[in-house]
Structures are given as structure tokens and as C-alpha cells.
2 protein chains.
Amino acid sequence: MVKNQIGREIPSEIADVFGVFEGQFAKKHDYQRASGQVHAVVPGESKMLYSVREAIIKSGLKDGMTISFHHHFREGDAVLNMVMEEIAGLGIKNLTLASSSIANVHEPIIEHVKNGVITNITSSGLRDKVGAAISHGLMENPVVIRSHGGRARAIEKGEIHIDVAFLGAPSSDCYGNANGSHGKATCGSLGYARVDAEFADKVIIITDNLVPYPNTPISIPQNHVDYVVVVDSIGDPNGIAKGATRITSNPKELLIAENACKVITASPYYKEGFSFQAGSGGSTLAVARFLADAMRKDGVKAGYALGGLTGHLCEMMEEGLIEKVIDTQSFDRGAIESIKNNPNHYEISASFYANPGNKGAAVNQLDVVVLSALEIDTDFNVNVMTGSDGIIRGASGGHSDTAAGSKLSLILTPLIRGRIPTIVEKVNTVITPGESVDVVVTELGIAVNPRRQDLVEAFAKLKVPQFTIEELKEKAYSVVGTPDPVVYEDKVVAVIEYRDGSVIDVVRKVRD
Amino acid sequence: MVKNQIGREIPSEIADVFGVFEGQFAKKHDYQRASGQVHAVVPGESKMLYSVREAIIKSGLKDGMTISFHHHFREGDAVLNMVMEEIAGLGIKNLTLASSSIANVHEPIIEHVKNGVITNITSSGLRDKVGAAISHGLMENPVVIRSHGGRARAIEKGEIHIDVAFLGAPSSDCYGNANGSHGKATCGSLGYARVDAEFADKVIIITDNLVPYPNTPISIPQNHVDYVVVVDSIGDPNGIAKGATRITSNPKELLIAENACKVITASPYYKEGFSFQAGSGGSTLAVARFLADAMRKDGVKAGYALGGLTGHLCEMMEEGLIEKVIDTQSFDRGAIESIKNNPNHYEISASFYANPGNKGAAVNQLDVVVLSALEIDTDFNVNVMTGSDGIIRGASGGHSDTAAGSKLSLILTPLIRGRIPTIVEKVNTVITPGESVDVVVTELGIAVNPRRQDLVEAFAKLKVPQFTIEELKEKAYSVVGTPDPVVYEDKVVAVIEYRDGSVIDVVRKVRD
């Protein structure tokens, strides 16, 4: 057992493979980029195949290889299950599934693991039944959880080598030029998929909307694509993207958002041309509304918003409050319409967005990020992966990427959820290390990370109650009591890879 | 000495290195893509440097390395000379210059060769004094001439490994996001530069127009860029791009264009949704005008035009005669304005455009291409490189790429130029092999390549006189006499690499 820099115990056999976390920027990245295999396509040769099955066969997929999918279709995705069923039918085994993330709808994965089709998984997140099954010891080998930036880094450094990428596309032409903004079931940005297409050996575009050559805009270019398959449906449009999320009416969430807005506008970063990222959760979405009000009042205009984008932020751009948005994942219909129609809404790849190992990711330029948490501890470590029962149900996402890259990271969380404290002595699972976290914002007030004395001073006159993180924890514990620790077994079911490739934590099997 | 498939004599020591041409699609390309080195950039780290000199030093450029430039600034380029002067001043020697092409304005290269700063050159073309100097034996090592697609292939296969790319950009932000459509001196598409940025170890953006982050649209993304340098001027806007070229009023050129238009419209490819490429030369530009008239009359609309784009083709798109244009190089102001403003004018990289070694280049999808020639011989081999005096003055460009990829390639040429026949027994230098050429179009009539019996039949009733290529040659010779052969010495001054990497020809030193 090895203790990493934040005191998490990592089994030696895992530490030996990945190395252990030593600080958010401790690891230097100097390397030659990985690259995929190319089989040149000559004039007259068609890339169009008749079925997913034919594509799998033509791709040369074999036992032990690594396959990938993107998660832009979220709970509407039909591609992963469709492809996995064919792969299973072909008797191919022992695959590594390297999806950018895994949704509830991908529950059939459980059977594929049981049948030996899938023996390794790497993903940003695991939801619902798949997460629960894995937390209960479904797999022999631990899942490797990677952030969006960390996954791009792992691919570009060759730590994940994708043999075959199966990439669903809302539109494609016969040569594989694909985008996510046109079609029957649109998802907007194809930012995650772009990395897979660039670095995989074989790339198969699966679409339900074949358009004349050349399809534009081009998110995935033809020179990264081997085959194109047309299917009846890549997924359920309503599962892929929902309409605009209504701003929360929960008074506690609104209070948290209001406090967060006060923190942002009192910070030294709030000025003409500033940049921010805010997600789609209850409080974080509401922050954008309060921030918009403040920006109108103060006459401050943001240079850009980075995302994970919601339609709300796109409306702020339309209104002139934000100059541009750059987008690796379009969260809702509003964002999808925006990327289709507004040239100032620009698609970026997951590597461009957040890869800590490239020549400079967008998160490095970010002023402010507004994030959420399942738990945060008195070292400011954040858990967005496991529930208070220790079961995997979340996703690493861009949490640690944006927290590390931004100048000001806010973690928005209620003090307690139900009868469970969110501010705790020690989080179940660390996704984002405390050194990346600047301010915790609750309905009662805020706690500034003592590492940021500059912010402590900047917020001296802030009209939001300020506490130490220990005080916030005590307040939570005083209401609901000290939580019982989750009882784990020794078996590691998930390795939490920090964005730099080191192990920041592991998740152990929960006791049945 | 080795004879290649088209009978050109290649010295064994060159044949051993490159292999010899064996047919346009003889060579199969199965390989792992090359890739560049990465040194990761962390938050707070700046890419901005104070001078070109500092950038050269920081890049680690050393004796014997390979440097690259793009030729989007044409005769207006100030970047190559500026950088080379600093490199020379730093005493760095023995470099390989791997520009996408070299213009007249780059005459200082001659001194850099004489001083040992540059000892190898690869380029699409060599103009004027540089070409003449090389043809007279300036360099010890032969220049390697590559087509636009061939250069991209060589880079992606690792045959050209760029240590440092110096990429002029009409606009860039502090992180290196660059495009060619906004700024003081715009060039439109940055299609050639994109390949260098993707595969070079170190990438330096040189701009005279620093804009707020994030600069969009993004032709070269920040994750491919190491440093950014701001200079007073990247070049002369009037040299970079001229206004619309007037359609020729030369009756012979108009007649050739009219004949070409008749060939195209009588071909089986002329139908709704067809695609074509036509360059900026006298007759080829005029073809677009005649073709536009025919399309209006026939109610035929093109799916796309590929380019090398002129403003004339963009106007055809505005008019609705062409659905989209995809663009690796914007030839004039009209094309530059179009790519800036029209989302159906889409930038593509040189690899996407023409690389025969990738997963499918745009030229493979092309129906019709209209090309010119300095000479064409009775085997239909085309020379666009050396003059009738044997001196290098042209460029390989996309000639062999589009001729090979397209379904119908037309070579437009007057029968004679001045007192010199253009249709000859044997061209001085082969850039495009006869098997890629379908129809030769002159003012007197056409010659269909007998390899294309389908076209011979398709054009049976064409109202343009038809001849054999030998007959056309005889007509030319009967007017101006049989040309005297150019007298060469043995020394090879240029290797003509076919797009697949094999040697299709060599250029020898002219006798002084």
C-alpha cells in the first residue's frame, strides 16, 4: 500500500502501473504523440458498408483489443448497445471498452462483462445499474475512471490505444465527414469523438442521416474515417438532448447560486472580457442567471464561456453578454441549435478543452469555473463519483480539469442532502484534489481555501458569511450527526486516475 | 540508372532511396501515422515570445534540422525571409527547408544555400531566380519536388519530419489559435499550414494581428502550437492576394476554354450534383465562366467545387450554381472574403485535399478537374515544372493529385506558345503521368487518351474536332518545327517525387 500526496491509500500493484498523485502540476509531460494506423483509400473505393456487423468484421476487431464510443448521445444513445450486441454475437471476447462515458441506457454492458466480452473498462463515469454492479464486484479488473482531459491525454500519450472507434454521428457523407449539428437526432458538438477519430487505428462512422458529399461543418474529417454504416436510428432524440432546463425554484439552491454570484463578482477576475464555465446542475445553472443580471447591471461582458454548454449560456451570447462560446459538449436543445446557427459558438475537441498533456488546453485560460460536488472534505478534496453509500454513480467529467486550470474554482453544494452531510471529514472518493479548489459555496455561506490567501483578502468585505471548511463541516454534522463510514472490502473496483495519469484514489468493493 | 514505368531514367542512388514510379496507384500505403513531440503547457505559462529570434532559440533549432513554412502568402510573404535571416544570424547551418512552396520573393534563399544555412530543399515549386539558380547547379543535394498531396503524405508517413514549423498567421490569439480569414493581411484558407502544425515537433505562430482569446474560426488549434510571436507585418496584403483576375480576352484561350466546356458538358459526369476543380490560369478560369453559362441553361447545379478557389467560383456558389466549396488555398480577394463570410465555403487541410496516403482525400471524390500544362507529350505525360529551356520555373501543386483522383481530367493548352510547341514527343519533366490524363484540349481540338475508350465513345458526337495526340503534336511541329532537345549535364538538381513517394522523374543541371 502506498499513500499518495493527499493521503489516499493506493495498493502497490496499482501504484506501480500508474504512479501515484503528487500534486496537480507535479507531473511533466514531454512525449511523442501517439498515432493511429492508416490504410489508404484509393479513388473508386467505397467506405460504405451494409451493416454494423460487416464493419466490425472489416475493422479486424479481435479478442483483447480496445474499442471506443463517445457519450454525446447521453441517455438517448443506441450505438453502444447496438455495436456491443453484434460484437458479442461474433464471439469476440476480452475487450477493453474505452467509452468517453457510460450512461444508464448502457445497462447491457453488465451482461457483456459477465460473458467475458468486456473485461476492462475506462470511462469518465458509471451510472445507475452499471455503477452499482461494478461497485459490487462485477469485474475482475478495476475500471479506470478518467476525466475528460485525462482521457484525451491518455489517448494522445498512447496509454489508451484505440483499435476500433465506433462513432455515432447525426450526419455523415459517404466518406465519413461527420458532424453533430445536422440530422434527425442531433447532439451538437462532437468534441469527445474527435479525439477518438484522430488517434484510433480504425474509425467507423455510424449514422442515420447520410448526406451528399461533402458534409459540412466537419467535426470528424474523412481522412480519419475508414468506414461508414447507415442504420435506422442512432438513438432517441429526446434522450440525446432535452429542452432547456428550467432554472431551479428550490430556495436553497437559489441561495447557493446567489452566494456564488457574489463571490464571482467580488473576485479580481470579474472584469471586461473574463471567462467562465458553469454546468447544467441546479445551482450552477442558476449562477448563470444571477451572473447575467450582475453583468447587465455592471456593464461587464464576458470574453467567452467554455463548456459543456447549456442553452442559457448561448442566450447570454445572443444577448451580447458573452462574446463567444467554445464547446466540447452541447447539453441541451438550445445549445445544439446555437452551435448549428451561430458562428461564435465554436466546437472544440476534448483535448483542446482539457488535456493537461497537450500544448495548452482551454481550461488553462479559464478565469472562473462553477462546479458541484457529492461530497467535499475539510482538505477541500471533492467527490463527484461515489454516493454516501460508497457506490459508483457519478462521473469525473471535466471537474478536476477545470478546477486545476481555472483561476477561481467554486464548488457549490448544500450543507446536507436529505440526512447526509456533504461537507465531511474525508470524502469517500477523491476526484478533484483540494489544492484545485478555491471556494466552497453553501446556502449558509462560503469557505475559502486557506491556500488562497489572496482570495481571503479579496473577499474580506463580501456580504456572504465566511467560515472555515471545518466550521461548515461541524454545522453539517451538528444537524445530521457524524456519518457512519462506508464499509468496504479490500478489492479495488475502480482506479481513479487523476488527469495527469497518476492515481489519486481507488474505489473499493462495497460490502454486500 | 533505372527506367521507371514511364521510361524516365532515374539514377540508381536516387531510385534506391525513393523507389521508382510504377503506376499511379501501384504503391499501397499501410503505415502508422507519424507524430510530433509535445511539451505540455501548464496554466499560467505564456506562449508569447518577444521576437522571432527568441522563438528560434526556444524552439531548440539546431544544425541539420528540418524547418517548414507555408506558401499561403504567395508573393506577399515576409515570414520566410524574416525567419531565415534570423536563423542565418544565429549561425545555424545545414537545414532542410520544407516549405509547401517557394515564391519569387524568397530569392534570399540563394544566399542561405551559398552560406550553408540551407543544404536541402523540398517544395512544390521553385520560381524565377531560385529555380534558375538551382537548375544551374546551386545546390549539392537535389531539391525534392512534391505535390501538395504528396507533401502531406510524406509528412504523415514521417518521410518529412518537421522539427520546427514557422507559420505566418493573419490572426492569432495568445495561445496560438490561428486563422487566415481575419486580419490586416488575409490569405483565406490555411490548408497547407494545418498539416505542418499537426505533425511538427515545435510550432511557432508568427502574426501581425493578435486578437483576444479564443480566436475563431480555428484553422490551427492551440494544442498544436508552442509559441506565438507578434511582428509588425507578416507580409504585403497586395502580394498575398490580388483582386479578381479578369477573364481572359485572348481569343485562343477563350476557344480552348469553350472546347473544354463542351467536353465537360458532354461527359457522363456533367449532371446534378457533379463536382469540379478549375484553377486560376487564363483558360481554366474562363472554363468556369462557360461552364456557369451551360449550367444556367441546362439547370444543372454542382454539388461542390474543390480548390484552390477563385472568387469566380465563390460567385457561382452565391448564385446557387454550386452548393459548397471546399478550400485548401484561397487564390484571390474574392475567395478570401467568401471563406470569411460564407459557411458553405469550408476550409480543408492539404491532407484532406489531396494526400494519396490517407484514409481518402477529396480529390478521390472529384468528378472533373481542369488543369494546364507547360508541355504535354504523346504519352500524355504533363510537365508543369521546367520551361522549354529545361530550367525549373513551375510548381507541382495539386496537378498530379487531382489528375489521379478525378474521374475526368482535362489538360488545357495552346498548341504552341510563342515559337515553342507545347505538345511534344517527350516532355522535359514529368509531373503527371499520362495514365492520369484523360483529355487534352487545344484551340484546334481535343485528343482523348486512348486508355479512356469510354470517353472516346462518349465524345463521338462532340462538336469539337478530335485528333490523336500524335496528330496534335504533328500540327504543332509543322508550324514551329521540331524543337531542339535541351542539353543537360548529368548532375541531378531536382528529384520529382510522385504523390505516392516514388520518383517519376529527375531534373538535371542545364549546361551553362
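Just so it is clear, the model here is predicted, and its values are computed rather than measured.

## A word on the overall build of chain A
Then, in step 1: Looking only at helices and strands, chain A has 16 helices and 30 strands in total.
Then, in step 2: The C-alpha atoms of chain A give 22 Å as radius of gyration, which agrees with the globular expectation for 512 residues (24 Å, within 12%).
Then, in step 3: Judged by the C-alpha coordinates and their principal axes, chain A covers about 70 × 55 × 40 Å.
Then, in step 4: Classification of the 512 residues of chain A by burial places 65% in the buried group.
Then, in step 5: Taking as baseline every contact in chain A between residues at least 6 positions apart, the subset at least 24 positions apart corresponds to 73%.
Then, in step 6: For chain A, the exposed surface amounts to about 17,300 Å²; the carbon and sulfur share of it is 50%.

## So, the domain arrangement of chain A
Interfaces are often sized by the accessible area lost when the parts come together.
All names here are of chain A.
Then, in step 1: In terms of domain boundaries, chain A breaks down into domain 1 (47-230) and domain 2 (251-481).
Then, in step 2: Taking only C-alpha atoms, the centre of domain 1 and the centre of domain 2 are 29 Å apart.
Then, in step 3: Tallying the contact residues gives 34 residues for domain 1 and 31 residues for domain 2.
Then, in step 4: At the junction of domain 1 and domain 2, the tally comes to 1 salt bridge.
Then, in step 5: Taking the shortest distance from any N to any O, the salt bridge between Arg194 and Glu347 comes out at 3.0 Å.
Then, in step 6: Applying the counting rule to domain 1 against domain 2 returns 19 residue pairs in polar contact (both at pLDDT 80 or more).
Then, in step 7: Here the side of domain 1 that touches domain 2 gets 6 residues from one element, more than from any other, and that element is helix H6 (residues 148-156).
Then, in step 8: Among the residues making up the side of domain 1 that touches domain 2, the classes are represented as 9 nonpolar, 19 polar and 6 charged.

## A short note on the relation of the copies chain B and chain A
Then, in step 1: Turning chain B through 180° and shifting it by 0.0 Å along the axis lays it on chain A, with an RMSD of 0.0 Å. A rotation of that kind, with that shift, is consistent with a two-fold axis. Proximity to the rotation axis, assessed at the C-alpha, singles out Ser35 of chain B in chain B; its C-alpha lies 3.2 Å from the axis.
Then, in step 2: Most of the interface of chain B is mirrored in chain A: 100% of its interface residues are interface residues there too.

## Observations concerning the environment of Ala460 of chain B
Residues and elements named next belong to chain B.
Then, in step 1: Tracing the chain through its elements places Ala460 in the loop between helix H15 (453-458) and strand S28 (466-467).
Then, in step 2: Since its relative accessible area comes to 59%, Ala460 is described here as exposed.
Then, in step 3: For the pair formed by Ala460 and Ala266, sequence separation is 194 residues and the distance between their alpha carbons is 9.8 Å.

## Brief notes about unusual backbone geometry
Then, in step 1: A cis geometry characterises the amide bond from Tyr213 of chain B onward to Pro214 of chain B, with omega recorded as -5°.
Then, in step 2: Mapped onto the secondary structure, Pro214 of chain B falls in the loop between strand S13 (202-207) and strand S14 (227-230).
Then, in step 3: Look at the link from Gly307 of chain B to Gly308 of chain B: it is a cis peptide, with omega at 20°.
Then, in step 4: Locating Gly308 of chain B in the fold gives a position in strand S16 (residues 302-309).
Then, in step 5: Unusually for a residue other than glycine, Phe380 of chain A sits at a positive phi of about 70°.
Then, in step 6: Among the structural elements, Phe380 of chain A can be located in the loop between strand S20 (375-377) and strand S21 (382-383).
Then, in step 7: Although it is not a glycine, Asn94 of chain B sits at a positive phi angle of roughly 65°.
Then, in step 8: Looking at the secondary structure, you find Asn94 of chain B in the loop between helix H3 (79-89) and strand S7 (95-98).

## Observations concerning the interface of chain B and chain A
Then, in step 1: Counting residues at the interface gives 55 residues for chain B and 55 residues for chain A.
Then, in step 2: Both faces considered, chain B and chain A share a buried interface measuring about 4,900 Å² in area, 51% of it formed by carbon and sulfur atoms.
Then, in step 3: There are 2 salt bridges connecting chain B and chain A.
Then, in step 4: Seen at the junction of chain B and chain A, the total is 34 residue pairs in polar contact (both at pLDDT 80 or more).
Then, in step 5: Within the residue set of the side of chain B that touches chain A, elements represented by two or more residues are strand S3 (30-32), strand S4 (37-39), S13, strand S17 (322-330), helix H13 (350-354) and helix H14 (399-405) of chain B.
Then, in step 6: The residue makeup of the side of chain B that touches chain A, split by class, is 26 nonpolar, 20 polar and 9 charged.

## Notes on the nonpolar core
Then, in step 1: In terms of nonpolar packing, the biggest core is built from 117 residues, with Ile67, Ile87, Ile121 and Phe166 of chain A touching the most fellow members.
Then, in step 2: Once you skip the residues sitting within four places of it in the chain, Ile87 of chain A turns out to touch Ile56, Leu61, Ile67, Ile92, Leu95, Val117 and Phe166 of chain A.

## Comments concerning the sheet that holds strand S28 (residues 466-467) of chain A
Residues and elements named next belong to chain A.
Then, in step 1: As summarised here, the arrangement of the 9 strands in space is S18-S17-S16-S15-S19-S22-S26-S27-S28, forming an open sheet in which the pairing is mixed. Both edges of this open sheet fall to strand S18 (345-347) and S28, since each of them pairs with a single strand only.
Then, in step 2: Where strand S26 (residues 439-441) lies against strand S27 (residues 446-448), 3 bridges are found, and the strand directions are antiparallel. Note on S27: the bridge partner recorded for Val440 is Ala447.
Then, in step 3: Here helix H9 (residues 251-266) sits on the sheet and contacts strand S19 (368-372), strand S22 (408-412), S26 and S27; the angle it forms with S22, its principal contact strand, is near 170°.

## Structural notes on the pattern of salt bridges
Residue and element names in this part refer to chain A.
Then, in step 1: Scanning all chains against the criterion turns up 48 salt bridges over all chains.
Then, in step 2: A salt bridge links Lys407 to Asp367; its shortest N-O distance comes to 3.3 Å. Here the residue Lys407 occupies a position in the loop between helix H14 (399-405) and S22, and Asp367 occupies one in the loop between helix H13 (350-354) and S19, the gap between them amounting to 40 residues.
Then, in step 3: What makes Asp367 buried here is its relative accessible area of 13%.

## Observations regarding the sheet that holds S20 of chain A
Sheet strands pair via backbone hydrogen bonds, and the direction of the pair is either parallel or antiparallel.
Residues and elements named next belong to chain A.
Then, in step 1: A sheet is described by the order of its strands in space; here 3 strands give the open sequence S21-S20-S25, paired in mixed fashion. Lying at the two open borders of the sheet, with one neighbouring strand each, are S21 and strand S25 (423-424).
Then, in step 2: Looking at chain direction, S20 and S25 are connected through 2 bridges and run parallel. Bridge pairing links Ile376 to Ile423 in S25.

## Describing the pairing of strand S17 (residues 322-330) of chain A
Residues and elements named next belong to chain A.
Then, in step 1: Counting buried residues along S17, 8 of its 9 residues qualify, which places the element largely inside the surrounding structure.
Then, in step 2: Across 6 bridges, the pairing between strand S16 (residues 302-309) and S17 is parallel. Following the sheet pairing, Ala302 is matched in S17 by Ile322.
Then, in step 3: The parallel pair S16 and S17, bridged by helix H11 (residues 311-319), forms a crossover whose chirality is right-handed.
Then, in step 4: Looking at chain direction, S17 and S18 are connected through 3 bridges and run parallel. In the sheet register, Val325 faces S18, and the bridge partner there is His345.
Then, in step 5: Chirality of the crossover, the property in question, places the unit of S17, helix H12 (residues 333-341) and S18 among those that are right-handed.

## Details of the side chain of Asn179 of chain B
Residue and element names in this part refer to chain B.
Then, in step 1: With respect to the secondary-structure elements, Asn179 resides in strand S12 (residues 178-179).
Then, in step 2: The exposure class assigned to Asn179 is buried, which follows from its relative accessible area of 1%.
Then, in step 3: Side-chain polar atoms of Asn179 contact the backbone nitrogen of Ser181, separated by 3.1 Å.
Then, in step 4: A distance of 3.1 Å separates a polar atom in the side chain of Asn179 from the backbone nitrogen of His182.

## Some words on the environment of Ala169 of chain A
All names here are of chain A.
Then, in step 1: Residue placement: Ala169 occurs in strand S10 (residues 164-169).
Then, in step 2: When its relative accessible area of 0% is taken as the criterion, Ala169 is described as buried.
Then, in step 3: For Ala169, the contacting residues outside a window of four places in its chain are Phe73, Ala178, Asn179, Ile205, Ile206, Thr207, Asp208 and Ile234.

## Observations regarding helix H7 (residues 191-199) of chain B
Then, in step 1: Most of H7 of chain B sits out of view: 7 of its 9 residues are buried.
Then, in step 2: Of the residues making up H7 of chain B, those classed as buried are Gly191, Tyr192, Ala193, Val195, Asp196, Ala197 and Phe199 of chain B.

Parameters at a glance
- Residues numbered from 1 in each chain as written.
- Chains lettered and ligands numbered in written order.
- Predicted model: local features only at pLDDT ≥ 70, side-chain atom pairs only at ≥ 80, totals over all residues.
- Heavy atoms only, no water.
- Helix = DSSP H or I, 4+ residues; strand = E, 2+ residues; numbered from the N terminus.
- Rg over C-alpha atoms; globule rule 2.2 N^0.38 Å.
- Buried < 20%, exposed > 50% of the residue type's maximum accessible area, 1.4 Å probe, protein only.
- Contact = heavy atoms within 4.5 Å.
- Areas by Shrake-Rupley, 256 points an atom, 1.4 Å probe, with all protein chains shown as cover.
- Domains from an automatic or database assignment.
- Salt bridge = Lys/Arg side-chain N within 4 Å of Asp/Glu carboxyl O.
- Polar contact = N/O pair within 3.5 Å; in protein donor to acceptor, adjacent residues only side chain to side chain.
- Nonpolar A, V, L, I, M, F, W, Y, C, P; charged D, E, K, R; others polar.
- Least-squares fit on C-alpha atoms with pLDDT ≥ 70 in both.
- Buried area = accessible area lost by both parts, 1.4 Å probe.
- Core = buried A, V, L, I, M, F, W, Y, C linked by side-chain atoms within 4.5 Å.
- Pairing = 2+ DSSP bridges.
- Axes fitted to C-alpha atoms, helices over the stretch in contact; angles between N-to-C directions.
- Right-handed = clockwise from strand over helix to strand, strands pointing away.

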